Amino acid sequence: MKTMKLIKTVVLTLMVATFITACDKKDDTTTTDDSLTVAQVATTASSGDWRITYYYDSDHEETGNFSGYSFSFNQDGTLVAVNGSTTVTGTWSISDDSSSSDDDGNSSSDIDFNIFFASPDDFNDLSDDWDITSISETKIELMDVSGGNGGTDYLTFEKN
């Protein structure tokens, strides 16, 4: 119940922020500084369909597991990956994590890009609170230091 209430609050906040910033067109420069806002990231992610162009999971590359999938970060907080007749659904959100200790000091902002897939296993591996290393209108680069083995994961989405 609390989780659903939190998801609704995050989605409503994202929608309001999107409407407020919708008229502000930026050029296609990459942002890697602390001036990044939750609204900017949410607007960029929900602005089209994306594909995974790089996924490195701790000790090996797994980009091929997502070949052919198109990802949509919907404004209602749903995340949909489609490859032909195969559809995988999850959730996503953006959060300001400035008080968190999970940042490794290498990320460019305190904003987390949260992804959750319950299944299948390949998609479940994407579930995490990713740190944003850079973002533009056509590319989102993320990283995460794994809690279990201390390895570093990298995930890159590029606009279709």
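Described in the following lines is the structure provided in the data block. (Residues numbered from 1 in each chain as written. Predicted model: local features only at pLDDT ≥ 70, side-chain atom pairs only at ≥ 80, totals over all residues. Heavy atoms only, no water.)

With respect to the helices, strands and loops of the structure, E141 is situated in strand β8 (residues 139-145). As for E141 and Y54, which are separated by 87 residues in sequence, their C-alpha atoms are 9.0 Å apart. Apart from the residues within four sequence positions on either side, E141 is in contact with D131, I132, T133, S134, L155 and T156. One polar contact links E141 to S134, side chain to side chain, over a distance of 2.4 Å. (Helix = DSSP H or I, 4+ residues; strand = E, 2+ residues; numbered from the N terminus. Contact = heavy atoms within 4.5 Å. Polar contact = N/O pair within 3.5 Å; in protein donor to acceptor, adjacent residues only side chain to side chain.)

To continue, consider the nonpolar core. Counting residues in hydrophobic clusters, the biggest one holds 29 residues, and the most contacted among them are F71, F113, L126 and F157. Excluding residues that lie within four positions of it along the chain, L126 makes contacts with I52, Y55, F66, F71, I115, F117 and L155. (Core = buried A, V, L, I, M, F, W, Y, C linked by side-chain atoms within 4.5 Å. Buried < 20%, exposed > 50% of the residue type's maximum accessible area, 1.4 Å probe, protein only.)

A word on the pairing of strand β6 (residues 111-116). In terms of burial, β6 is a largely internal element, five of the six residues being buried. In this sheet, strand β7 (residues 128-135) lies alongside β6 in antiparallel orientation, the contact comprising four bridges. Following the sheet pairing, F113 is matched in β7 by W130. (Pairing = 2+ DSSP bridges.)

Another point: the environment of D122. Of note, D122 is situated in helix α3 (residues 121-124). What makes D122 partly exposed here is its relative accessible area of 34%. Put simply, D122 and E62 are 60 residues apart on the chain and 8.8 Å apart in space, counted from C-alpha to C-alpha. With sequence-adjacent residues up to four places away left out, D122 is seen in contact with N65 and F66.

The subject of this paragraph is the packing of aromatic side chains. Across all of its chains, the model carries 14 aromatic pairs by this definition. Between F117 and F123, the ring centres sit 5.1 Å apart and the planes meet at 70°, which makes this aromatic pair edge-to-face. Take F117: its relative accessible area is 1%, and that puts it in the buried class. Residue classification places F123 among the buried positions, given a relative accessible area of 2%. (Phe/Tyr/Trp six-rings, centres within 6.5 Å; stacked < 30°, edge-to-face > 60°.)

Generally, phi is negative for residues other than glycine and the peptide bonds are trans, each holding for most cases. A cis amide bond links S119 to the next residue, P120, at an omega of -10°. At S58, a position not held by glycine, the phi torsion is positive, near 55°. Locating S58 in the fold gives a position in the loop between β1 (49-57) and β2 (60-61).

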